[in-house]
Amino acid sequence: MSTNFAHTTVLLTEAVAALAIKPNGLYIDGTYGRGGHSAKILEQLGSEGRLLAIDKDPAAIQHACEVHQADTRFKIWQGSFRDFPQALAELELETKMDGLLLDLGVSSPQLDEAERGFSFMRDGALDMRMNPEVGLSAQQWLLQADEREIAQVLWLYGEERFSRQIARAIVKVRDTQVLDSTLKLADLIAKAIPKRELGKHPATRSFQAIRIKVNQELDDLEAGLAASLKHLKPDGRLAVISFHSLEDRMVKHFMREHSSPPRLPKGLPIQAIELTAPLRLVGKGLRPSEAEVETNVRARSATLRVAEKV
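Residues numbered from 1 in each chain as written. Predicted model: local features only at pLDDT ≥ 70, side-chain atom pairs only at ≥ 80, totals over all residues. Heavy atoms only, no water.

## Structural notes on the overall build of the protein chain
- Counting its secondary structure elements, the protein chain contains 13 helices and seven strands.
- The C-alpha atoms of the protein chain give 21 Å as radius of gyration, which agrees with the globular expectation for 310 residues (19 Å, within 12%).
- Across its three principal directions, the C-alpha atoms of the protein chain cover 65 × 60 × 40 Å.
- Put simply, the protein chain has 310 residues, and 51% of those count as buried.
- In the protein chain, of all internal contacts separated by at least 6 residues, the share reaching a separation of at least 24 is 68%.
- Only carbon and sulfur atoms are counted for the fraction: they give 50% of the accessible area of the protein chain, which is about 15600 Å². (Helix = DSSP H or I, 4+ residues; strand = E, 2+ residues; numbered from the N terminus. Rg over C-alpha atoms; globule rule 2.2 N^0.38 Å. Buried < 20%, exposed > 50% of the residue type's maximum accessible area, 1.4 Å probe, protein only. Contact = heavy atoms within 4.5 Å. Areas by Shrake-Rupley, 256 points an atom, 1.4 Å probe, with all protein chains shown as cover.)

Structure below.
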């Protein structure tokens with residue numbers, strides 16, 4: 001599997017700055033990708049600092065091993081970032097961390113490598129798994145899911161208003177044809193949609209939804225955010241880069257919920273310390289600069305949100 005695809009890390013300087021790196025701290029890059037954030041974090045760590053990088057993708061793991069194998073401060077672990085407590089235990093690292101960075105979504109190499117099946121612009125096997133060795137591929141899921149489930153996934157995860165029409169078309173076609181390539185699916189979706197959005201490929205929302213379903217991305221995000229509360233040290237930072245509204249809403253609501261003290265009836269015998277929220281918001285959502293978007297169009301929808309453990 002090739003690891004030579006170009007990848008421009010989104011909000012590189014801003015995300016690492018948001019972690020407020022302590023030279024001797026322990027940090028987790030929960031979505032290694034091609035290591036842009038990891039490399040920047042390592043630049044700021046001292047000899048006693050530690051960085052744990054995590055990724056599902058075997059190609060990302062291979063890249064990390066090749067680039068950082070000689071750096072004793074660096075560890076790589078294959079899996080979902082939701083399981084970072086397990087990774088910390090297996091690698092005999094501390095159970096508390098100084099910072100967690102999540103760069104959500106799909107990476108440029110995954111999109112650019114047609115055989116991975118993420119892109120509706122390149123013909124490849126209909127896979128979409130970040131780890132091709134685990135779980136059902138997109139083709140397998142579309143073959144076994146019923147019309148109602150497909151429509152629900154397209155609506156919930158892609159906010160696709162023509163979800164029912166697309167689901168109906170998929171079920172009808174799969175009975176007579178093998179739906180095994182990205183362009184076959186993209187063409188089917190385009191024909192099923194009666195009205196198109198200006199400047200957006202008709203398969204955009206559906207491909208996003210199917211990818212999220214196949215990789216359990218929102219489940220991973222919910223579990224990973226919850227685990228961060230327990231494992232962040234005081235003053236530890238949580239920084240999350242999201243690329244679509246579903247992810248960003250989850251991150252925004254999580255940070256707001258846990259940075260606000262609970263509302264309780266007046267007169268309850270509760271001490272002030274018991275009302276302290278576990279997180280503190282650090283600034284507002286940060287978007288890429290115009291200059292960054294000009295040089296990397298995939299950055300246009302990114303939002304960085306940051307919170308600090310109290």
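Here the narrative resumes, following the displayed structure.
## Comments concerning the packing of helix α9 (residues 182–192) against helix α10 (residues 204–215)
- Look at α9 against α10: their axes get within 9 Å of each other, and the N-to-C directions meet at 130°. With respect to each other, α9 and α10 are oriented oblique. Crossing handedness for the pair α9 and α10: right-handed. Across the interface between the two elements, Thr182, Leu185, Ala186 and Ile189 from α9 touch Ser206, Phe207 and Ile210 from α10.
- When its residues are assigned to classes, the contact of α9 with α10 shows five nonpolar, two polar and no charged. (Axes fitted to C-alpha atoms, helices over the stretch in contact; angles between N-to-C directions. Parallel < 35°, antiparallel > 145°, perpendicular 65-115°, else oblique. Left-handed = near helix turned anticlockwise from the far one by under 90°. Nonpolar A, V, L, I, M, F, W, Y, C, P; charged D, E, K, R; others polar.)

## Some thoughts on the nonpolar core
- If you look at the biggest cluster of nonpolar residues, it comprises 32 residues, and the most contacted ones within it are Leu142, Ile150, Ile170, Leu185, Phe207 and Ile210.
- Looking at this core element by element, the count peaks at six residues for helix α8 (residues 163–174).
- Every residue in contact with Phe207, bar those within four places of it in the chain, is listed here: Gly117, Phe118, Ser119, Phe120, Met128, Thr182, Leu185, Ala186 and Ile189.
- Within the second largest apolar cluster, 26 residues are counted, among which are Trp77, Ala87, Leu100 and Leu221. (Core = buried A, V, L, I, M, F, W, Y, C linked by side-chain atoms within 4.5 Å.)

## Examining the sheet that holds strand β7 (residues 303–309)
- Read from one edge of the open sheet, seven strands run β3-β2-β1-β4-β5-β7-β6, paired in mixed fashion. Edge positions in the sheet fall to β3 (74–78) and β6 (279–281), since each has one partner strand and no second. Strand-to-strand twist across the sheet, computed as the mean angle between neighbouring axes with direction ignored, equals 20°.
- Direction of pairing for strand β5 (residues 232–242) relative to β7: antiparallel, over a ladder of six bridges. Note that in β7 the partner of Ile241 across the bridge is Leu304. (Pairing = 2+ DSSP bridges.)

## Describing the confidence of the model for the protein chain
- Looking at the protein chain, pLDDT values average 92 and 93% of them are 70 or higher.
- Note that pLDDT drops below 50 for residues 1–5; the model gives that stretch 15 contacts with residues more than four away or on any other chain. (pLDDT = per-residue confidence, 0-100.)

## Quick look at the environment of Phe243
- Here Phe243 is to be found in the loop between β5 and α12 (245–257).
- The contact partners of Phe243, leaving out residues within four places of it in the chain, are Val10, Asp103, Leu104, Arg298, Ser301 and Ala302.

## Quick notes on the pairing of β3
- Across five bridges, strand β2 (residues 50–55) lies against β3 in parallel orientation. For Ile54, the partnering residue across the bridge sits in β3 and is Trp77.
- In the classification by handedness, the crossover that spans β2, the intervening helix α3 (residues 58–68) and the parallel β3 is right-handed. (Right-handed = clockwise from strand over helix to strand, strands pointing away.)

## Quick word on unusual backbone geometry
- Positioned with a positive phi, Leu11 is a non-glycine residue whose angle comes to about 50°.
- With respect to the element layout, Leu11 can be found in the segment before α1 (12–18).
- In the Ramachandran plot, Asp235 falls in the positive-phi region, its phi being about 75° despite a non-glycine side chain.
- Along the chain, Asp235 falls in strand β5.

## Comments concerning the pattern of salt bridges
- Considering all chains together, one arrives at 18 salt bridges under this definition.
- Of the charged contacts in the structure, one is a salt bridge between Asp98 and Lys233, with a shortest N-O distance of 3.3 Å. Of this pair, Asp98 sits in strand β4 (residues 97–103) while Lys233 sits in strand β5, and the two are 135 residues apart along the sequence.
- In this structure, the salt-bridge partner of Arg249 is Glu159, at a minimum N-O distance of 3.0 Å. Placement of Arg249 in helix α12 and of Glu159 in the loop between α7 (147–158) and α8 is noted, with a sequence separation of 90 residues between them. (Salt bridge = Lys/Arg side-chain N within 4 Å of Asp/Glu carboxyl O.)

## Concerning the environment of Ile166
- Inspection of the secondary structure puts Ile166 in helix α8.
- On a C-alpha basis, the gap between Ile166 and Glu217 in space is 22 Å, while along the polypeptide they are 51 residues apart.
- Ignoring any residue separated from it by four or fewer positions in sequence, one finds Ile166 in contact with Leu154, Glu160, Leu188, Ile189, Ala192, Ile193 and Ser206.

## Regarding α9
- Those residues of α9 that fall on the buried side of the exposure criterion are Thr182, Leu185, Ala186, Leu188, Ile189, Ala190 and Ala192.
- Residues of α9 that are buried in the fold lie against α6 (138–144), α8 and α10.

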